[in-house]
Amino acid sequence: MPEQEFPYGLFPSPLTPRAMGRGLTFGEVAFSGRGDLIWLENRSDRGVIVVQPLNGEGRRDLNADFSVRARVGYGGGDFGACGEWVYFIDSAQGRIYRQSLLGGAARALTPAFGKAAAPTPSPDGNWLVYVHTYEDKDVIAIVDVEAKTWPQILVQGEDFYMQPTWHPQGRHLAWVAWNHPNMPWDGTWLRLARLEQQGDAWRCAQVETIAGDEQTSIFQPLFSPDGHYLAYVAESGNWWQLWLYDLQTSQRRQLTIAPAEHALPAWVQGLRTYQFSPDGSWIYVVRNQNAQDRLIKIACESGEETEVALDTPYTALGQICLTQWQGETILAFIASAATIPPRVITVSEDGKTRVWGRAYPEEIPSAAYSPAYPIEWIAKDGETVYGLYYPPHHPGAKGKGVPPLIVNIHGGPTSQVKNGFNPRAQYFATRGYAFLEVNYRGSTGYGRAYREKLRASWGIYDVEDAVSGAQACVERGLADGEKLVIMGGSAGGFTVLKALEDYPGFFKAGICLYGVSNQFTLAQETHKFEARYLDSLLGALPEAAAVYRQRSPIYFVDRIRDPIAIFQGEEDNVVPRAQSDAVVESLRRRGVPHVYHLFPGEGHGFRKSETIEQFYQAVEAFLKEYVVFG
């Protein structure tokens, strides 16, 4: 089919706003132990557990009456499985329910107060430990799976808990803990306790700290199947590396040495990057290097590494889990690539993959999507910055001249955009926009030194890197310097506001989603998980009050003169709507071109299909008016 010439921004994209709204996202993935693959599908604002037998029988939805979603912090740890039973969190009440894969109604195990996450069954299937929060007090609790007794507090005294895990013999428990003002990627402790039981009463005895401190973060403790080792990820030098702790000799051994990340910033409960083989002799680990994932198989004794080459070129692998099925080791992931939408897949030992679930219908061929290219540039102080560049792409369309560029700023700010499927990037790239994902200094994936560049510098390096990234694209002929747009949500929305204030006229327009405008009120009003996050990003109050004022866009909002679109959820408890309202009041008063969309029933990040559809419709109309035709 011959190419037709279209103005950039007006390519006939196959991705419609309705298609964007109707796409799924995947959460947890697990095996039942009886031949079922189980995963969580977020369908609009409802979480549904899907059960797929590995023998190929038809899949089914497990829960009809509940929406499954844990709400401790930012969520995660939505369900667990053991034998024929699934344990899930009801999003409405925060209770844990138990439901059989063989049929029957779900039964509540915990009372309707507080919020629960990470339900973790004991090896014998009789008990369940979980993370619980109530009135800003976090604990690890335990309950019997028949709900014959009231839940008991097992571990308490620290501000946060994550990733409880049982020893295979059921008499030891390990977990990660940390305290304010740290975030889980700053410094945490790996605790190990011997469990004592008297009748229905449990307690932790001989609690030991195995690894970690206030400057070393720990991720995903996991016992080997034979109970010999406790594995975990801890920082060594500049990188998150995999370690083994010998429970018999108390010796620690670093298993990986590659200059790469083997963990993730623990924004949510339940994240996993590695698993033991069924016999415990190997560990399968997802290695993140240059914003791309690879599957590595490591021998526990020798440390010998082998890359598992997948027969489909997936570049993002999430939520690894593993089982033994008909004598073969089977792994499962949420997998994608730049041109392959998210899928739930299984992987055999020889790298053969099978698809069980798809986030999008996939009637759009991979060739219709824009490839993502890793890109580097030099900041004004000479340091290297990383990102991903998506060129305008349509098999049947071409533009004339140089394309407009959308510079996208991820949230967090401690996060990373990997080279997996990026629906937002594809929506705009297939319309003829160039799209730059900025993994600015402060992002994860490039070592601790890079991640900590934003300490006391939030609102400086992120803004500089957005501007220098756009400049680099213009200098390389990848973008039109007169049609630059900056977009971001949450922490990225803050960067949008700061960039429009500090560099007026540089960007043609801005798109801000639930962005932080007032650092003082954020520190006072945000949820517990991030209540002290600003201590590291800006400094502790009251000593750093001058910094908070300097980095609060609301005090300099009169500098914004470029068109801006602002989007906000009415029920956002992380960045409350008052933060956006204050910015919009100034824009209205001064007559700055803007649009403001306030979405009822939405929190921090948009979930409802109709909201997502309306968002893309509104953004496209805004860009046509102020960038394509402006």
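Structure: see above.
Scope of this entry: the structure provided in the associated data block. (Residues numbered from 1 in each chain as written. Predicted model: local features only at pLDDT ≥ 70, side-chain atom pairs only at ≥ 80, totals over all residues. Heavy atoms only, no water.)

**Section: the overall build of the chain**
Secondary structure summary: the chain contains 10 helices and 38 strands in total. For the chain, the spread of C-alpha atoms along the three principal axes comes to 70 × 60 × 50 Å. Here the chain, with 630 residues, has 61% of them falling under the buried criterion. As displayed, the chain has an accessible area near 23,500 Å², and 47% of this comes from carbon and sulfur atoms. Of the charged side chains in the chain, 57 are positive and 71 negative; the average position of the first set lies 3 Å away from that of the second. (Helix = DSSP H or I, 4+ residues; strand = E, 2+ residues; numbered from the N terminus. Buried < 20%, exposed > 50% of the residue type's maximum accessible area, 1.4 Å probe, protein only. Areas by Shrake-Rupley, 256 points an atom, 1.4 Å probe, with all protein chains shown as cover. Lys, Arg positive; Asp, Glu negative; His and termini not counted. Charge placed at Lys NZ, Arg CZ, Asp CG, Glu CD.)

**Considerations on the environment of Gly227**
Within the secondary structure, Gly227 is located in the loop between strand 18 (218-223) and strand 19 (229-236). With 20 residues separating them along the chain, Gly227 and Leu247 place their C-alpha atoms 7.9 Å apart. Other than its neighbours up to four places away in sequence, Gly227 contacts His167, Pro168 and Leu247. (Contact = heavy atoms within 4.5 Å.)

**Structural notes on the pattern of salt bridges**
Within this structure, the stated rule accounts for 36 salt bridges. Measuring nitrogen to oxygen at the nearest pair gives 3.2 Å for the salt bridge that ties Arg272 to Glu28. Residue Arg272 is located in the loop between strand 21 (252-254) and strand 22 (274-276), and its partner Glu28 is located in strand 2 (residues 25-31); the two are separated by 244 residues in the primary sequence. Note on Arg272: relative accessible area 17%, which makes it buried. With relative accessibility at 6%, the residue Glu28 sits in the buried group. With its nearest N and O atoms 2.9 Å apart, the salt bridge here joins Glu383 to Arg441. (Salt bridge = Lys/Arg side-chain N within 4 Å of Asp/Glu carboxyl O.)

**Focus: a nonpolar patch on the surface**
A cluster of nonpolar side chains, namely Phe113, Tyr134 and Trp150, defines an oily patch on the protein surface of about 350 Å² accessible area. With respect to the helices and strands, the residue Tyr134 is situated in strand 11 (residues 127-134). Under the relative-accessibility criterion, Tyr134 is labelled partly exposed at 37%. (Patch = residues over 30% accessible without salt bridge, like charges linked within 9 Å, V, L, I, M, F, W, Y side chains within 5 Å.)

**Let's talk about a negative patch on the surface**
Together, Asp311, Glu328, Glu349 and Asp350 make up a region of like negative charge exposed at the surface. Within the secondary structure, Glu328 sits in strand 27 (residues 328-337).

**Quick look at the environment of Pro14**
Relative to the elements of secondary structure, Pro14 occurs in the loop between strand 1 (4-5) and helix 1 (17-22). Taking the C-alpha atoms as reference points, Pro14 and Glu363, separated by 349 residues in sequence, lie 9.5 Å from one another. Residues within four places of Pro14 in sequence aside, it is in contact with Ile364, Ala368, His394 and Thr430.

**Brief notes about the nonpolar core**
Counting residues in each nonpolar core, the largest one holds 93 residues, and the members touching the most others are Tyr232, Ile283, Leu405, Val407, Leu436, Trp458 and Phe507. Apart from the residues lying within four places of it in its own chain, the contact partners of Val407 are Leu436, Val438, Ala466, Ala470, Val485, Ile486, Met487 and Phe507. (Core = buried A, V, L, I, M, F, W, Y, C linked by side-chain atoms within 4.5 Å.)

**Some points on the environment of Pro423**
Structurally, Pro423 is set in helix 2 (residues 423-429). Residue classification places Pro423 among the partly exposed residues on the basis of a relative accessible area of 26%. The sequence separation of Pro423 and Ile49 amounts to 374 residues, and the corresponding C-alpha distance is 23 Å. Beyond its immediate sequence surroundings of up to four residues, Pro423 is in contact with Met20 and Tyr360.

**A few points about the side chain of Lys608**
Take Lys608: it is sitting in the loop between strand 38 (594-599) and helix 10 (609-628). For the buried Lys608, which has no salt bridge, the nearest side chain bearing the opposite charge is Asp45, at an N-O separation of 4.7 Å. Non-local contacts of Lys608, meaning those with residues more than four positions away in its chain, are made with Ser44, Asp45, Pro600, Gly601 and Glu602.

**Thoughts on the pairing of strand 11**
Across the 8 residues of strand 11, 7 count as buried, placing the element largely inside the fold. Of the pairings in the sheet, the one linking strand 10 (residues 115-121) to strand 11 comprises 5 bridges and is antiparallel in character. Bridging across to strand 11, Pro121 finds its partner in Leu128. Between the antiparallel neighbours strand 10 and strand 11 lie 5 residues, among them Gly125 with a positive phi of about 80°. By the bridge criterion, 8 bridges tie strand 11 to strand 12 (residues 137-144) in an arrangement that is antiparallel. Bridge pairing in strand 12 places Thr133 opposite Asp138. The hairpin formed by strand 11 and strand 12 contains 2 residues between the paired strands, and Glu135 there has a positive phi angle of roughly 50°. (Pairing = 2+ DSSP bridges.)

**Description of the sheet that holds strand 8 (residues 96-100)**
The 4 strands lie next to each other as 6-7-8-9, forming an open sheet whose pairing is antiparallel. Every other strand in the sheet has two partners, leaving strand 6 (79-82) and strand 9 (107-108) as the edge strands with one partner each.

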